[in-house]
2 protein chains.
Amino acid sequence: MENQSASRVKTTETSFEMLEALFQEGEATREELEERLGMATSTVHRHLATLQEYGYVVRGPEGYRLSFKFLTFGGFLRREVPGYSMVKQKIDDLASQTDERAQFIIREGTDRVYLYTEIGDNPVQTGAHTGRRGPIHSSAAGKAIVAFLPAEEREQVIDSISLEQTGPNTITDPERLREDLAEIRERGYALNREESTAGVHAIGAPVTVNDDEIIGAISVSGPATRLKSDRLENELPDLVLAATNELELHIEHS
Amino acid sequence: MENQSASRVKTTETSFEMLEALFQEGEATREELEERLGMATSTVHRHLATLQEYGYVVRGPEGYRLSFKFLTFGGFLRREVPGYSMVKQKIDDLASQTDERAQFIIREGTDRVYLYTEIGDNPVQTGAHTGRRGPIHSSAAGKAIVAFLPAEEREQVIDSISLEQTGPNTITDPERLREDLAEIRERGYALNREESTAGVHAIGAPVTVNDDEIIGAISVSGPATRLKSDRLENELPDLVLAATNELELHIEHS
DNA sequence: AGACTATTCCGATATTGCGGGAAGATTTGG
DNA sequence: CCAAATCTTCCCGCAATATCGGAATAGTCT
């Protein structure tokens, strides 16, 4: 079935391959790109000229690199998320209340994307995860989002998830995932015990506005040794649910 | 001279025009894009398929929109900035010390780009400016960067700046700008009195590592009524310079 | 200042993007 | 639950234009 690519634009794909290469290389000379992509000098040059014209690529000290246009677009998109202006405060509160990492994520297809994160006691790393992605099924916040989707959409998402394993307890069986999601719906929040990363537990809950529109999810995560027993199953869920409720109210009243 | 565009890739330009349109529209149907760009249904469709394949565009509830891949790329690029992991703490400190807005910017050509901002007393809006751009000559931090560039590069930048007016006192004359930059070099910091925005003053200083490599600049900005006389010319410059010095040391010792 | 390297320009070939229309899928209304 | 309407996707011929290789120009280093 090669007609998959028949409905795509090959020239644009070439330009995008160049962007991906620059993303991975960080900074590359025209020659490096030439080799990496197996293209003629003039071709690489012409594409780079176009990428620069639109501001996606700039010249660095020793080669070409991606520009901050991506941050410009990304930052703008983030501000467009309904209620985003109130997310920061809630996450900061939650981080200092729990002294753990708190985060707000959204779903994009079968990925979770971190829009804002903060750490309680260690304020050095804020924003360290901004824009990061991961499969949606292997995190508490991700599962919380999927759990509360309308049944049909939910099934569609489950079917298209790769269910790849990223941690010791990652759910890799669709049926097992459905059971977990049902539990999450009953409880109102999601748990993740070393499903995304070894040694990390997390609690997540969805942020829902207008009764059924899920705009994202909030979660708290930290070392398994600190997030366990009563704290994991009562104290932290209460705090997370309080945060999501407050956020929902703030959004609806604005 | 139409041979400007002769060395560019038109198909990629078309794809990029679509991205720009989606950026401005926020979310658009295929038909809206068709009209806006004056292209055939199949063409728009083919380009959108390609943009989706590479993850730059996703389908929203009522049309197509830009994806958070831009934030993923942008967030990654930001983390690559030397010393970025220490920027947050310094900016947060500066914001709470001054109770004003503090920011870290970098230069990209003749633009300044905000990488991180924080407000002292009002923590609601953090990150509200992430990724935003403006002409480099109309801000304190921007001028601080240009002022300390090597003479040659500095002239090159001055020559390519548009010198557009964005505030009541924006410098629009190259000679006037050169004088101001010389003053900034003597003083060690830059002032901006309503040059970028009416009613806003700011103090900025460059962040330099390895003796001459300018990685960005820090500035504090606020209402002209609060940032004036001794505070503007002594107290705040001291704080800003202390912050840049500390940041420089942290970066060099890491 | 001269040699070397890197960048940009140019022209011929054929690949591939384009528009129009048909087929297929999905939604809306009766 | 079926039919009409609408939106999305596919296909095909034509011509635009992306590609490659090489030459000219600009830039850099010794």
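Residues numbered from 1 in each chain as written. Chains lettered and ligands numbered in written order. Predicted model: local features only at pLDDT ≥ 70, side-chain atom pairs only at ≥ 80, totals over all residues. Heavy atoms only, no water.

Chain A appears in an unreviewed UniProt entry as Transcriptional regulator, IclR family from Halobellus clavatus.

1. Remarks on helix H8 (residues 174–187) of chain A
Residues and elements named next belong to chain A. The first and last C-alpha atoms of H8 sit 20 Å apart over 14 residues, in line with the 20 Å expected at 1.5 Å per residue. Along H8, the residues classified as buried are Leu177, Asp180, Leu181 and Ile184. The arc enclosing the buried residues of H8, seen along the axis, measures out at 100 degrees, which places them on a common side. Those residues of H8 hidden inside the fold are in contact with helix H6 (140–147), helix H7 (151–160) and strand E6 (190–193). Where H8 ends, the next residue or the one after it, glycine 188, has phi of about 95 degrees, a positive value. (Helix = DSSP H or I, 4+ residues; strand = E, 2+ residues; numbered from the N terminus. Expected span 1.5 Å × (residues − 1). Buried < 20%, exposed > 50% of the residue type's maximum accessible area, 1.4 Å probe, protein only. Arc of directions from axis to C-beta. Contact = heavy atoms within 4.5 Å.)

2. Here's the deal with the protein's contact with DNA strand D
Residues in contact with DNA strand D amount to 18 residues; listed here are only the nearest, Ser42, Thr43, Arg46 and His47 of chain A together with Arg30 of chain B. In DNA strand D, atoms within 4 Å of the protein come from the sugar-phosphate backbone in 68% of cases. One nitrogen or oxygen atom from the side chain of arginine 46 of chain A is found 3.3 Å from a phosphate oxygen belonging to DNA strand D. Within the side chain of histidine 45 of chain B, one N or O atom sits 3.1 Å away from a phosphate oxygen of DNA strand D. At the level of secondary structure, the elements contributing two or more residues to the surface near DNA strand D comprise helix H1 (10–25) and helix H3 (41–53) of chain A together with helix H1 (10–25) and helix H3 (41–53) of chain B. (Near = heavy atom within 4 Å. Polar contact = N/O pair within 3.5 Å; in protein donor to acceptor, adjacent residues only side chain to side chain.)

3. Observations regarding the UniProt feature "domain: HTH iclR-type" (unreviewed entry) in chain A
Annotation from UniProt places "domain: HTH iclR-type" (unreviewed entry) at residues 9–68 of chain A. Each end of residues 9–68 of chain A is marked by a C-alpha atom, and these two atoms are 25 Å apart; helix forms 62% of the span and strand 13%. (UniProt positions renumbered as here; feature names shortened; annotations may be inferred.)

4. Considerations on the domain arrangement of chain A
Per the domain assignment, the segments making up chain A are domain 1 (2–67) and domain 2 (74–252). Computed from C-alpha coordinates alone, the two centres of domain 1 of chain A and domain 2 of chain A are separated by 35 Å. (Domains from an automatic or database assignment.)

5. Remarks on the side chain of serine 196 of chain A
Residues and elements named next belong to chain A. Looking at the element boundaries, serine 196 is found in the loop between E6 and strand E7 (200–209). According to the relative accessible area criterion, serine 196 is buried, its value standing at 14%. If we skip the residues at most four places from it in the chain, serine 196 touches Arg112, Ser138, Thr166 and Gly167.

6. Digging into the pattern of salt bridges
Once their charged atoms are close, side chains differing in charge can pair, the charge on each being opposite to the other. Residue and element names in this part refer to chain B. This structure, assessed with the given rule, holds 40 salt bridges over all chains. Note that glutamate 25 is salt-bridged to arginine 36, the shortest N-O span being 2.8 Å. With glutamate 25 in helix H1 and arginine 36 in helix H2 (residues 30–37), the pair connects residues that are 11 residues apart, well separated along the chain. Take arginine 36: its relative accessible area is 40%, and that puts it in the partly exposed class. (Salt bridge = Lys/Arg side-chain N within 4 Å of Asp/Glu carboxyl O.)

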